[in-house]
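# Structural features, examined
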Amino acid sequence: MTKPRFSREDALNFHLEPSPGKWEIQATVPMTTQRDLSLAYSPGVAIPCEEIAKTPELAYDYTNKGNLVAVISNGTAVLGLGNIGALASKPVMEGKSVLFKRFADVNSIDLEIDTEDPDAFCNAVRLLGPSFGGINLEDIKAPECFIIEQRLKEEMDIPVFHDDQHGTAVICAAGLINALHISGKKIEDVRIVLNGAGAAGIACLELLKSMGAKHDNCIMCDTKGVIYQGRTEGMNQWKSAHAAQTDTRTLAEAMDGADVFLGVSAKGAVTPEMVERMAPNPVIFAMANPDPEITPEEAHAVRSDAIVATGRSDYPNQVNNVLGFPYLFRGALDIHARAINDAMKIACAEALAELAREDVPDEVAMAYGRKLSFGRDYIIPTPFDPRLIHRIPPYVARAGMDTDMARRPIIDMEGYEESLKVRMDPTASILRGIHARARAAQSTMIFAEGDDLRVLRAAVAYQRSGLGKALVVGREAEVAEALTAIGMPDAVAELEVVNAANTEHLETYKTFLYERLQRKGHDRQDIHRLASRDRHVFAALMLAHGHGDGMVTGATRKSAHVLELLNHVFDAQPSDGAVGVSVVLHKGRIVLIADTLVHEWPDENDLADIAERGAGVARHMGLTPRVAFLSFSTFGYPVSERATKMYEAAAVLDGRNVDFEYEGEMTVDVALNPKAQEHYPFSRLTGAANVLVVPARHSASISVKLMQEMAGATVIGPILTGVDKPIQICSSVSTSNDILNMAIMAACNVG
Ligand SMILES: NC(=O)C1=CN([C@@H]2O[C@H](COP(=O)(O)OP(=O)(O)OC[C@H]3O[C@@H](n4cnc5c(N)ncnc54)[C@H](OP(=O)(O)O)[C@@H]3O)[C@@H](O)[C@H]2O)C=CC1
Ligand SMILES: CC(=O)C(=O)O
Ligand SMILES: [Mg+2]
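Residues numbered from 1 in each chain as written. Chains lettered and ligands numbered in written order. Predicted model: local features only at pLDDT ≥ 70, side-chain atom pairs only at ≥ 80, totals over all residues. Heavy atoms only, no water.

### Some words on the pattern of salt bridges
What counts, and what does not: One side-chain nitrogen of Lys or Arg within 4 Å of one carboxyl oxygen of Asp or Glu is enough to make a salt bridge. Only runs of H or I of at least four residues qualify as helices and only runs of E of at least two qualify as strands under DSSP, and these elements are numbered from the N terminus.
Enumeration according to the criterion identifies 45 salt bridges in this entry. Salt-bridge contacts for Lys96 lead to Glu138; the nearest nitrogen and oxygen are separated by 3.0 Å. Taken together, the residues span a long stretch of sequence, with Lys96 in helix α6 (residues 90-104) and Glu138 in the loop between β3 (134-137) and α8 (144-155) at a distance of 42 residues. Residue Asp119 pairs with Arg151 through a salt bridge whose shortest N-O separation is 2.7 Å. Remark: Arg151 occurs in helix α8 and Asp119 occurs in helix α7 (residues 118-128); sequence separation between them is 32 residues. A single network of salt bridges, built from pairs that share partners, joins Glu9, Asp10, Arg464 and Glu494.

### Re the coordination of the magnesium ion (ligand 3)
Which entries qualify depends on this criterion: Here the term donor refers to an N, O or S atom within 2.8 Å of the metal (or 3.2 Å for Na, K and Ca), and because water is left out of the atoms, sites may appear incomplete. Throughout, exposure labels follow a simple rule: accessible area from a 1.4 Å probe, protein chains only, divided by the maximum for the residue type, with under 20% read as buried, over 50% as exposed, and the rest as partly exposed.
Surrounding the magnesium ion (ligand 3) are the protein donor atoms Glu138 (OE), Asp139 (OD) and Asp164 (OD), which sit 2.0 to 2.1 Å from the metal. The sequence pattern describing where the donors of the magnesium ion (ligand 3) fall on their chain is E-D-x24-D. In this pair, Glu138 is assigned in the loop between β3 and α8 and Asp164 in helix α9 (residues 163-183), connecting sequence segments 26 residues apart. For the residue pair Glu138 and Asp164, the accessibility class agrees, reading buried in each case.

### Side note on the site of ligand 1
For the record, the criterion: Definition of nearness: a residue and a molecule or strand are near each other if at least one heavy atom of the residue lies within 4 Å of the molecule or strand. Polar contacts here mean pairs of N or O atoms no more than 3.5 Å apart (in protein, one a potential hydrogen donor and the other a potential acceptor; neighbouring residues in sequence count only if both atoms are side-chain atoms). What sets the accessible areas is the Shrake-Rupley method with a 1.4 Å probe; for residues, cover comes only from the shown protein chains. Gly counts as polar in this scheme, as do all residues outside two lists: the nonpolar Ala, Val, Leu, Ile, Met, Phe, Trp, Tyr, Cys and Pro, and the charged Asp, Glu, Lys and Arg.
Around ligand 1 lies a shell of 26 residues, among which Thr168, Ala197, Thr223, Lys239 and Asn321 are the nearest. Ala142 is positioned such that a nitrogen or oxygen atom in its backbone is 3.0 Å from an oxygen atom of ligand 1. Measuring from an oxygen atom of ligand 1, one finds a backbone N or O atom of Asn289 at 3.2 Å. Bound to the protein, ligand 1 loses 82% of the 920 Å² it would expose on its own. Contributions of two or more residues to the shell around ligand 1 are made by α9 and α10 (199-210). The class makeup of the residues in the shell around ligand 1 is 11 nonpolar, 11 polar and 4 charged.

### Let's talk about the sheet that holds strand β1 (residues 68-73)
Within a sheet, adjacent strands bond to each other through the backbone by hydrogen bonds, running parallel or antiparallel. The line we're drawing: Strand pairing requires that DSSP identify at least two bridges connecting the strands. A fitted line through C-alpha atoms serves as each axis, taken over the contacting stretch for helices, and the angle formed by two N-to-C directions is quoted from 0 to 180°.
Across the sheet, which stays open at both edges, the 4 strands sit in the order β2-β1-β3-β4 with parallel pairing between neighbours. Looking at the sheet topology across the chains shown, the edges are occupied by β2 (107-112) and β4 (160-162). On average, each strand axis in the sheet is tilted by 25 degrees relative to the strand beside it, whichever way the strands run. In terms of strand pairing, β1 meets β2 through 6 bridges, oriented parallel. Following the sheet pairing, Leu68 is matched in β2 by Asn107.

### Quick notes on the domain arrangement of the chain
Stated formally: Segmentation into domains, and thus their bounds, comes from an automatic or database assignment. Between two residues, a contact is recorded if the distance between any of their heavy atoms is within 4.5 Å.
Taken domain by domain, the chain consists of domain 1 (8-162), domain 2 (437-566) and domain 3 (577-722). Each of domain 2 and domain 3 has a C-alpha centre, and these two points are 33 Å apart. Taken together, the contact between domain 2 and domain 3 spans 4 residues of the former and 5 residues of the latter. Taken together, the links from domain 2 to domain 3 amount to 0 salt bridges. Where domain 2 touches domain 3, the interface holds 1 residue pair in polar contact (both at pLDDT 80 or more).

### Some points on the site of ligand 2
With respect to spatial proximity, the complete set of residues near ligand 2 consists of Leu79, Lys96, Glu138, Asp139, Asp164, Asn289, Asn320 and Asn321. At 2.7 Å, a side-chain N or O of Asn289 approaches an oxygen atom of ligand 2. Calculation on ligand 2 without its partners gives an accessible area of 210 Å², and the protein chains cover 85% of this total. Tallied by class, residues from the shell around ligand 2 come to 1 nonpolar, 3 polar and 4 charged.

### Digging into the environment of Asn281
Relative to the assigned elements, Asn281 resides in the loop between α13 (272-276) and β9 (283-286). Beyond its immediate sequence surroundings of up to four residues, Asn281 is in contact with Ser183, Lys185, Asp259, Arg303, Asp305 and Arg376. Among the polar contacts made by the side chain of Asn281, one reaches the side chain of Arg376 at a distance of 2.9 Å.

### Quick word on empty space enclosed by the protein
For the record, the criterion: With a 1 Å grid laid over protein atoms only, a set of points is called a cavity when a 1.4 Å probe fits there but cannot get out and a pocket when it is open yet has protein on both sides within 12 Å along at least five of seven lines; lining residues have an atom within 4 Å of a point. Grid points are joined across faces, edges and corners, and a volume is the space filled by probe spheres set on the points.
Applying the stated criterion to the full structure yields 1 cavity of 30 Å³ or more. Here the largest cavity is characterised by a volume of approximately 40 Å³. In this structure, the largest cavity is lined by 10 residues; those nearest its centre are Leu720, Val723, Lys725, Pro726 and Asn749. Where the lining of the largest cavity is concerned, the elements lending two or more residues are β20 (714-721) and β21 (727-729). Classifying every residue of the lining of the largest cavity gives 4 nonpolar, 5 polar and 1 charged.

### Details of the sheet that holds strand β10 (residues 307-310)
Spatially, 6 strands are ordered β7-β6-β5-β8-β9-β10 in an open sheet, and the strand pairing comes out mixed. The open sheet has two free edges, formed respectively by β7 (225-226) and β10, since each of these has just one partner strand. Bridge analysis of β9 against β10 gives 4 bridges, and the strand direction is parallel. Pairing of Ala286 across the sheet is with Thr310, part of β10. Contacts from α9 reach β8 (260-263), β9 and β10, with the element oriented near 155 degrees to β9.

### Some words on the UniProt feature "binding site: a divalent metal cation" (unreviewed entry) in the chain
Rules: UniProt positions are given in the numbering used here, feature names are shortened, and annotations may be inferred rather than shown by experiment.
Per the UniProt record, "binding site: a divalent metal cation" (unreviewed entry) is annotated on Glu138, Asp139, Asp164 and Asn289. These annotated residues cover 152 residues of sequence, and their C-alpha atoms all fall within 13.8 Å of one another, placing them together at a single site. Those residues in contact with Glu138 that lie beyond four places of it in its chain are Val71, Ile72, Ser73, Met93, Lys96, His162, Asp163 and Asp164. Only 3.2 Å separates the side chain of Glu138 from the side chain of Asn136, close enough to count as a polar contact. Tracing the backbone shows Asn289 in the loop between β9 and α14 (296-302).

Encoded structure:
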């Protein structure tokens, strides 16, 4: 079994910070003035109430019902953990809610209902109907889940969808369509063994049979073995429907010569011996969570011809319902569906299977750090594929419309697909791309400030996330003590601690430093002190000598001071072409601001350099650069001496033949707002600028910090560019996550 890339405490901390749990609620309307209050609440709120009372359909217009799904569980079959109860299931349900938001912009709330009685459960859910556009039932054990879902579907006029049943079945079907495509077999001919006759198992087999699998070719097993005709022990009506006419009694016997194994049972239920006896090119979907029935390593060890999938994200071929429910509900909500029917499920499965067979665009490859192409290790799209959101819901919506499920059909399908494309926050995929590139680079990262707890957490996270090796500069005993104090004693053995006392390179470092500084007033004693006592200088020396691929520092000292120290080892002066670029992420927008670190008062030539560096960073991040030189005037008005260098900088670039758009001078609102740009039809910008070159370091700092404090923007940087090696300088208020982000920037050398 591959070791998870996180520890128990990582998982607990993830749920504890920044606030307990995984989501919170935000208002979408202004709530500042007396007027806001009287519109949002009494008396203004009475008007939409009256309208909805007259025309219930208007609830989709005047409330959040139409984009709100409840994830509801009683905690009786939580992943493969079993019946752990409603309260303990809450982390999974909160997780499902945030997946809805992240992947399909569906608002979702988790509700845990503390009863195992189907009647009580149904009553509770049915009465909640008016609040939601759909109900996602989750992790409710069989056979109660069948009764519950059936009854709620009859009683409610919105989609009720038990994801463990149908979500799993849809993804399993999509994966199987493609796995059989590769193994050259037909669904009508294959012998299928399915282990786990619960919610997921029954639904998977039902869907596959409706797609052509033959009843006589399918054997279903549970904890008692094969479900055969005439068996009485541990049976129910749903299992009986799939009872096979067979002499086999155990899973092992059933697997003999089988073409397909589908597991929705429990960890380790399948042995290598069972897999060994399967037919040529066997298909093995070991979908139990969190641990599969058999690992891909174990299966491949005995059958190199096997096509293997699991429910996990850390192996290729993740057959997990996360690929389905966000898009099924997106499509259903967008037609104000009454239900999610079989046609919509099959449309989803076919669309997913088709997408995996298509050429994978570079943006997906970039997000995964490797090129994916249809084959044994890529039979199903990956969950972070940005095409899913605009490719799958239209199929679901159309199938719903064709089968009379839509209260409000979509008229302009093309427009709908376009609206889905811009619906998701593009910054997420950009950050993911950078993350994946860092992972592919496997850089050894030097964390200079090993005495700082935030830095230690970031170093541990860097290494445990599989991004590469983390070297921490500090004293061994102090690092060990600090890690233990923050509840990470396991990390002591994982991290390599480096210092002047334990390196064999100190003399080499000192000689190098003396050569650089001997004519700048430093004697040998100063050099010794700098190299062996100053961790910023020591870390920079390691980097300069190739004893690490990048470095992160600055969490404990002011960045100007750190930059001064780094200049002892590297050439990072304004005259050397060094530039600091800060990345501001807010409400789905990404804007780079420069120079936030190096040039105090740049002239027009420096500003042109800064523009080029900024454009370079933008390109590295996967953006097409559009540079604006900012001022408080736009194209010469109001006239001001201070704006001169900003339009002159654009003229300097004219002479450099650069291959990106730039324009200036202009105010920041003109730069960022294409509507405002319409007043200047001669402008060379074809859209909102994404690289803002500001007149001086103070204006850079003010704008970045204002965005951070007032708007709550995420800021990465300043990213130091134009220096020989990847060095990133964090700010002293950085969190461990900010420091990790800087390490990731250094690792994929965006500077
Ligand atoms: N990859 C994915 O997307 C999904 C994976 N799953 C996974 O599938 C599993 C089952 O979930 P769900 O259907 O909701 O749960 P249920 O409780 O409804 O059903 C579990 C079924 O598995 C059977 N079972 C349990 N252990 C074994 C075993 N060792 N050998 C054979 N059969 C066994 C049970 O048998 P019996 O009837 O005899 O008690 C029962 O039929 C879980 O691990 C879950 O995480 C579920 C949904 C989605
Ligand atoms: C993925 C999922 O829903 C489960 O394992 O239960
Ligand atoms: Mg589940």
